[in-house]
Amino acid sequence: MAHQKFNIIKSTCIPIQIDNCNTDLIIPARYLASTSRDPKFFGDAFMRDLRFNAKGEPIADFVLNQPAFCEAPHKGCHEIIVGGQNWGSGSSREHAAWAISGYGVRVVISSSFADIHRNNLLNCFVLPVIVSEAFQQELFASIAKDANTVVTVDLPNQTVTNEATGHCEKFDINGYKKYCLMNGYDDIDYLLSQTGKIEAFENKK
Amino acid sequence: MGKTLFDKIWDAHVVQKVEDGPTQLYIDRLYAHEVTSPQAFDTLRDKGIKVFRPEHVIAMPDHNTPSDQQEVINDPIGRNQVETLAKNCAEFGIKHFCMGSKDNGIIHVVGPEKALSLPGMTIVCGDSHTSTHGAVGAIAMGIGTSEVAQVLASECILQSKPKTMRINVEGTLQPGVVAKDVALYIMAQMTTAGATGYAVEYAGSTIRNMSMEGRLTLSNLSIEMGSRAGLIAPDETTFAYLKGREYAPKGEDWDKAVATWRQLKSDDDAVFDKEVTFRAEDIKPRITYGTNPGAGIAIDECIPTLDGMNEAEQKQFLAQLDYMQFQPGEKLEGHPIDYCFLGACTNGRIEDFRAFASIVKGKKKNPNVVAWLVPGSWLVRQQIIDEGIDKVLEEAGFELRLPSCSACLAMNPDKVPAGKLAISTSNRNFVGRQGPGARTILASPLVVAASAITGVVTDPRKI
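Note that the structure is a prediction, hence the values are computed from the model and not measured.

Draft legend 1. Layout of the overall build of chain A. What chain A contains, in helices and strands, is nine helices and seven strands. In terms of overall dimensions, chain A is globule-like: its C-alpha atoms have a radius of gyration of 18 Å, near the 17 Å expected for 205 residues. Along the first, second and third principal axes, the C-alpha atoms of chain A reach 60 × 45 × 25 Å. Counting over 205 residues, chain A shows a buried share of 57%. Contacts in chain A between residues at least 24 apart in sequence constitute 64% of all its contacts with a sequence separation of at least 6. As presented, chain A carries roughly 8,400 Å² of accessible surface, and 51% of it is formed by carbon and sulfur atoms. Taking the average location of the 19 positive side-chain charges in chain A and that of its 23 negative ones, the two points are 4 Å from each other.

In structure tokens:
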């Protein structure tokens, strides 16, 4: 899949205030039988059973169906999810990251992520940003007060700013992965360039 | 300072540390199933590359396979996914255990029972319950599809090294308490994110005295507290389990292997980033009441009340109970159930069927309960028949089905209908996990068996 290079994202947010939001919720298992790589297919399945009832009708009080948050993500609008703690727990299905990316989201902010899902997001060029619980809660409060609250995620400087309050935090990402995201490079291309070292390791084993 | 078991295996597989980045880790075994591999094979085709070490890869379909018959998959999408795996394996030269063959089953049951998973290995699969294989003394981790492609292409993944945690369980388990109860107890104490960022080693006398099947159950559930891996130092129990199995080393090679494997244990002076100890006598048969595996109680306890919870905690707790149609403070023992499920990579092994049969022998299944008894592999199914367990089950009104992931995850015909309550030996009670709107109580094979007889949630010690 083609990767969008990453730099600074300045956008309004979608608040999904669910702790332990598992990947079964992010994309139900019945969408996993597809062999497709179509972003739209997975984007349409994003949070499907929280968004729609069994008849396919929108569930009005779910955040993605509320007037303030239902607009599909595009530049500057809803490109950031603010999630509850332990975001992406459970199944390793990368389809969850495809659903988030396919829906149009480029950043997920939370106080903690499940390990496998966090890796999957990075491999799909969606940036997981870990913030303090205080920052996360303040962000939820800012969005509750004003749905147009803008957050700036600055990857080069590794900062995230709640523009409503001006509060800013540094976030961690290793230098290698930051380089990959900013330049659209894949882990697989890196590994393919290391074949000599892999064969040397095998010979030593 | 000494090394932990995890450190020893990890360090032996480091190809290099990427500058200011993750570790490039060599992988000994990749398991592939139909759900998380098709897009990875597409990536290889896009790049025009071959599988780097096809002999390290073993593939089999398990998620979409039906458990009532395996002549045909009626759902065209599921059928296509299973056929795609077969085609990909043929094209890339990968060993494939096809649906219905005697080699097929759930990957996490088949791998250890064929000795394809061995002590000291690094093992990955696009499946979070890959942690299961760690029970043989290996580093086994669930990965995403991008990483499946990376391993296919290079036999390596890029991962940062997790912190290490040792969970000790000491003492003798009470009658009626099995590995699943130990796991559910640990999940409840640790919470669903309590081991995020860690690799967990299980140790202590309770674990040492646990059968291999029990250890596999315990390691299987490691991911349910967020752990990247769960492992157990190999010992005589491990060697006895593996010896003579299809892909185990033979003859002199076996002796050499065992000599090496004996070194695979944490040094006495190894320091873990975190260490926790539980007492076996504190553990009773367990059930879950909520929508994550950590939301559990002893079977004779009541669901917690709102006491001591802040507003946000109350809201999330009540949302779980609302879905489950339970009340705060309610006792679940005696609560009617609609479905029971024995199987999955958690409890689909021979010991689980023996345990289930020990409860239902000479009794009759409650007519109000739909029961799915699904062996984890064709080998397990054969052993059930060889031991005459199928007859015991049949006489008690149960039907033995065909190997599959079955009702664990609603990707094949075995789905629990909306609103119905299932008591299951599987690993997840998430919202919609066993089917949209389905409600799940997780429990051991003994609790599920006792409940299938009475039609209500039942303590196996009281039947």
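Having put the structure on the table, let's press on.
Draft legend 2. Fine view of the sheet that holds strand S9 (residues 163–170) of chain B. Residues and elements named next belong to chain B. Ordered in space as S11-S10-S9-S12, the four strands form an open sheet in which the pairing is parallel. Each having just a single partner strand, strand S11 (229–231) and strand S12 (274–279) make up the two edges of the open sheet. The average undirected angle you get between the axes of adjacent strands in this sheet is 20 degrees. Across three bridges, the pairing between strand S10 (residues 198–203) and S11 is parallel. Residue pairing across strands places Glu201 opposite Leu231, the latter belonging to S11.

Draft legend 3. Structural view of the interface of chain A and chain B. Tallying the contact residues gives 48 residues for chain A and 64 residues for chain B. Summing both sides of the interface, chain A and chain B together bury roughly 4,300 Å²; the carbon and sulfur share of this comes to 56%. Our enumeration of links across chain A and chain B arrives at six salt bridges. Arg53 of chain B is paired through a salt bridge with Glu202 of chain A; the nearest N and O atoms lie 2.6 Å apart. In this structure, the connection of chain A to chain B is made through 24 residue pairs in polar contact (both at pLDDT 80 or more). Put simply, the parts of the chain that give the side of chain A that touches chain B at least two residues each are helix H1 (23–26), helix H4 (95–103), helix H5 (115–123), helix H7 (175–183), helix H8 (187–192) and helix H9 (195–204) of chain A. Taken together, the residues that form the side of chain A that touches chain B break down as 17 nonpolar, 18 polar and 13 charged.

Draft legend 4. Broad picture of the sheet that holds strand S3 (residues 29–32) of chain B. Taking strand neighbours across the sheet as the criterion, the five strands line up as S5-S4-S3-S6-S7 (chain B) in an open arrangement whose pairing is parallel. On the outer flanks of this sheet lie strand S5 (95–96) and strand S7 (139–142) of chain B, each paired with one strand and no other.

Draft legend 5. Representation of unusual backbone geometry. Of note, the phi angle at Met47 of chain A is positive, near 55 degrees, even though the residue is not glycine. Along the polypeptide, Met47 of chain A turns up in the loop between helix H2 (39–44) and helix H3 (48–51). A relative accessible area of 0% means that Met47 of chain A is categorised as buried. Even without a glycine there, the phi angle at Ala115 of chain B is positive, about 60 degrees. Following the sequence through the fold, Ala115 of chain B ends up in the loop between helix H4 (107–113) and strand S6 (122–125).

Draft legend 6. A look at helix H8 (residues 212–220) of chain B. Of all nine residues in H8 of chain B, nine are buried, a share of seventy percent or more. Where H8 of chain B is concerned, the buried positions are Met212, Glu213, Gly214, Arg215, Leu216, Thr217, Leu218, Ser219 and Asn220 of chain B.

Draft legend 7. Structural context of the confidence of the model for chain B. The pLDDT averaged across chain B works out to 98; a share of 100% of its residues lies at or above 70. Here the predicted complex carries an ipTM of 0.97, next to a pTM of 0.98.

Draft legend 8. Local environment of the pattern of salt bridges. Per the counting criterion, the structure on display carries 33 salt bridges over all chains. Measuring nitrogen to oxygen at the nearest pair gives 3.3 Å for the salt bridge that ties Asp282 of chain B to Arg279 of chain B. For Asp282 of chain B, a relative accessible area of 39% corresponds to the partly exposed category. Taking the shortest distance from any N to any O, the salt bridge between Lys331 of chain B and Glu333 of chain B comes out at 3.8 Å. Taken together, the salt bridges that share partners define one network made up of Arg37 of chain A together with Asp42, Arg45, Asp46 and Glu91 of chain B.

The rules behind the values
- Counting starts from 1 at the beginning of each chain's written sequence and moves along it residue by residue.
- Each chain takes a letter, starting from A, and each ligand takes a number, starting from 1, following the order in which they are written.
- At least 70 in pLDDT is required for a residue's local features to be given in this predicted model, at least 80 for side-chain atom pairs to be given and counted, and no such filter applies to totals for whole chains, interfaces and linings, which use all residues.
- With hydrogens and water stripped out, all remaining heavy atoms of the structure feed into the side-chain values.
- Strands are runs of DSSP state E lasting at least two residues, helices are runs of H or I lasting at least four, and both sets are numbered from the N terminus onward.
- For the radius of gyration, the atoms used are the C-alpha atoms, and the globule rule reads 2.2 Å times the number of residues raised to 0.38.
- Only protein chains enter the area calculation, which uses a 1.4 Å probe; residues under 20% of their type maximum are buried, those over 50% are exposed, and those in between are partly exposed.
- Only heavy atoms enter the contact rule, under which two residues are in contact if any of them lie within 4.5 Å.
- The Shrake-Rupley method, run with a 1.4 Å probe, gives the accessible areas here. Residue values count only the displayed protein chains as cover.
- Note on charges: Lys and Arg go in the positive column, Asp and Glu in the negative column, and His and the chain ends are not counted at all.
- Taken as the charge location is NZ of Lys, CZ of Arg, CG of Asp or CD of Glu.
- Think of it this way: DSSP has to see at least two bridges between two strands before they count as a pair.
- Lines fitted to the C-alpha atoms define the axes, with helices restricted to the stretch that makes contact. Angles between their N-to-C directions range from 0 to 180 degrees.
- Buried area counts how much accessible surface, traced with a 1.4 Å probe, disappears from two parts once they are put together, with both parts' losses summed.
- Salt bridges, as used here, are contacts in which a Lys or Arg side-chain nitrogen is within 4 Å of a carboxyl oxygen on Asp or Glu.
- In protein, a polar contact means a hydrogen-donor-capable atom and an acceptor-capable atom, both N or O and within 3.5 Å, with residues adjacent in sequence counting only if both atoms are side-chain atoms; elsewhere, any N or O pair within 3.5 Å suffices.
- When residue character is reported, Ala, Val, Leu, Ile, Met, Phe, Trp, Tyr, Cys and Pro are called nonpolar, Asp, Glu, Lys and Arg charged, and the others, Gly included, polar.
- As a per-residue quantity, pLDDT reports the predictor's confidence and falls between 0 and 100.

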